[in-house]
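# Analysis of the macromolecular model
Residue strings, one per chain:
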Amino acid sequence: MKLTKLDQIRAAEAQLLLSTYDRSPILFVTGEGVHIVDENGTKYLDLLSGIGVNALGYGHPVIEEAIAKQSRALIHTSNLFYHEGQAELALRLTERTGLDRAFFANTGTEAWEGAMKLARAYAGLKRSEGVNIGTKFLALEQSFHGRTFGSVSTTFKEKYREPFGPVVPGVEFVRFNDIADLRAKFSSEVCAILVESIQGEGGVRPLTQEFFAEARALATSTGALLIVDEIQSGMGRTGKWCAYQHYGIQPDVTTLAKPIAGGLPLGAVLCTEEVSRAIHAGMHGTTFGGGPLACAVAIAVIGHIERENLLAHATEVGDYFQNQLRILAARHEAIVDVRGKGLMIATELDSAELAKLVVAEMLKRRILINCTSDTVLRFLPPYILERAHVDSAIAALDEIFTEHAGAVSATQSTAHIAGELNHG
C-alpha cells in the first residue's frame, strides 16, 4: 500500500523529533478565512486559531501584503542597529495598553521571562534607594505562563514543573480569586504579584473585580509590581486591547504575544516609565525579537483590527456565541458552566472523558477546538468569525451531546458502582 504524505511525515517525525507533542493525524497545507485545509482539500472550521494566534484567520491579504513588502526590503538586522518598525509598533502598543515603554521578544514565554527579570531588577533598584522589598513572586493557582524556567516556575500545575526540578525558587501560589489567601501571603518580601486577567490554560477563568483590585492595592502599598499576563487574552481577543481594561485596573507591566503579529512569532513586554528605570543597556536582549518582518506584520494587523472595528465585532460575535452555548447548556446537563469574554470562551463539562470525546467528535465534523484543565472546552477563534460559523459549531455540539453525553454518564456510573463493589 502506498504511503500518504502524512504517513511519510509521521514516520520521519517519529525518528527525528523529540516526542513533545501528541498530534492529531491531519496534515494541513493551506487555509482561507476561518478555515484551514488538509492535504486532501478538506476544510476545517478553526475555532482554536493556532491556540489563539491567527487573529485574522488564514490567507488574509493584509498579512500577506505586509510580509511580501517587508521581505523584499529587510527581514533581519539584529538589535545592534535600528530599523523602521520597532518604535512605530511600540507607539501603537503603548497607546493601546496605557503603558510607556516596550521590549520585543519572540514568544509569550520569553516576554514573561523578561517581565520577571524586570521585576527583580526593579526591586533591586528600589532596595538601593532605601525601600524594604524582597525578591519573592506571588502567582496564582491554575496559572500558566509558559515553558521556560522562569515561566514554568510560576505555572501552577506540577506536571509542567516536576520533571525539570528544581525550578526557579522564590515563587508561592495563591488560591485563585481568594482575597484572604492573597493578603495572608503578601508581604514586603514580594517583588511582584503575577496574574492573568483571564486564565487561559487554567480553564478560561476571569479574575473577580475585587481580587484584581486587591492585588493592585497590595502591590502599590509596598512598591511591588502588578504584572499581568495578556499573552492569550490580549490584543483584542476579549473585545478590548487588554483584558485588564474591562476591570479599569492598570498594571505596572504586561506581556503580549500570540495574536500580535497574526501568525508570526512576536512577543512584547510593556511597562511604566517608572519601572523602566531598572533596565539599562546590556541587562537583557534578544537576537530575533522585534525584527523588521514581525514588526511590519504586527503594525498591519493592529491597523486592520481598528479599521474594521474588530474589537466591537469580537464582543458582538462572542456574546452571541456564549448565549448560544447557554441555550445548549439548558438542553444538556453535562454542561456545567459557560464563561469568557469576547472570543475567549469556555464550556465546562461534568466529565473529563466526555470533554475528550467532544473534541474528537468535533474533529470528525471538521471543527477544531481543544480541551484544557481536563473538563473545559476552549474556543479561541479568529476575530473574523461570523454568526453562521457559530451556528455550525453549536449544531455540531448539540448533536454530539445528544448522542454521547448519556452514554458517557452511564459508563461512568457503571464504573463507579463496580469500583464501590470491589472496594467493599
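Right, let's walk through the structure included here. From a predicted model like this one, the values you see are computed outputs, not experimental measurements.

Let's shift gears to the packing of helix 4 (residues 85-97) against helix 11 (residues 292-307). Relative orientation of the contacting elements helix 4 and helix 11 amounts to 35°, with a least axis distance of 9 Å. In the packing of helix 4 onto helix 11, the handedness of the crossing is left-handed. Across the interface between the two elements, Gly 85, Gln 86, Glu 88, Leu 89, Arg 92, Leu 93 and Arg 96 of helix 4 pack against Cys 295, Ala 298, Ile 299, Ile 302 and Glu 306 of helix 11. In the contact of helix 4 with helix 11, the residues fall into six nonpolar, two polar and four charged.

Following the criterion strictly, the structure yields one cavity of 30 Å³ or more and no others. A volume near 40 Å³ is recorded for the largest cavity. For the largest cavity, the full set of lining residues is His 76, Thr 77, Ser 78, Asn 79, His 83, Gln 86, Thr 287, Phe 288, Gly 289, Gly 290, Gly 291 and Pro 292.

Reading across from one edge, 13-14-17-16 is the order of the four strands in this open sheet, with antiparallel pairing throughout. With one partner strand each, in any of the chains shown, strand 13 (335-341) and strand 16 (370-372) form the two edges of the open sheet. Between one strand and the next, the sheet's axes are offset by a mean angle of 30°, whatever the strand orientation. Summarising the sheet, strand 16 and strand 17 (residues 376-379) pair through three bridges and their orientation is antiparallel. Across the sheet, Asn 370 pairs through a bridge with Arg 378, a residue of strand 17. Against the sheet, helix 12 (residues 310-331) makes contact with strand 13, strand 14 (344-349) and strand 17, and its axis sits at roughly 175° relative to strand 13, the strand it touches most.

Examined against the element boundaries, Cys 242 turns out to sit in the loop between strand 10 (225-229) and strand 11 (253-256). Of the residues examined, Cys 242 reaches a relative accessible area of 0% and is grouped as buried. Along the chain, Cys 242 and Val 228 lie 14 residues apart, while their C-alpha atoms are 9.6 Å from each other. Beyond its immediate chain neighbours, meaning those up to four positions away, Cys 242 contacts Thr 97, Glu 230, Gly 234 and Leu 256.

A few words on the layout of surface pockets. One simple way to see leftover space: roll a probe sized like a water molecule over the atoms. Its volume calculated, the second largest pocket comes out at about 780 Å³. Lining the second largest pocket we find 25 residues, and of these Gln 86, Ala 102, Phe 103, Phe 104 and Ile 279 sit closest to its centre. Its residues assigned to classes, the lining of the second largest pocket shows 13 nonpolar, nine polar and three charged.

Their axes nearest at 9 Å, the elements helix 3 (residues 61-73) and helix 11 cross at an angle of 150°. One element, helix 3, and the other, helix 11, form an angle in the roughly antiparallel class. Judged by the sense of rotation from one axis to the other, the crossing of helix 3 with helix 11 is right-handed. In this structure, helix 3 uses Val 62, Ile 63, Ala 66, Ile 67, Gln 70 and Ser 71 to contact helix 11, whose residues at the interface are Pro 292, Leu 293, Ala 296, Val 297, Ala 300, Val 301, His 304 and Arg 307. Split into classes, the residues belonging to the contact of helix 3 with helix 11 amount to ten nonpolar, three polar and one charged.

What counts and what doesn't
Residues numbered from 1 in each chain as written. Predicted model: local features only at pLDDT ≥ 70, side-chain atom pairs only at ≥ 80, totals over all residues. Heavy atoms only, no water. Axes fitted to C-alpha atoms, helices over the stretch in contact; angles between N-to-C directions. Helix = DSSP H or I, 4+ residues; strand = E, 2+ residues; numbered from the N terminus. Left-handed = near helix turned anticlockwise from the far one by under 90°. Contact = heavy atoms within 4.5 Å. Nonpolar A, V, L, I, M, F, W, Y, C, P; charged D, E, K, R; others polar. 1 Å grid on protein atoms, 1.4 Å probe; cavity = no way out; pocket = protein on both sides within 12 Å on 5 of 7 lines; lining within 4 Å. Points joined across faces, edges and corners; volume = space filled by probe spheres on them. Pairing = 2+ DSSP bridges. Buried < 20%, exposed > 50% of the residue type's maximum accessible area, 1.4 Å probe, protein only. Parallel < 35°, antiparallel > 145°, perpendicular 65-115°, else oblique.

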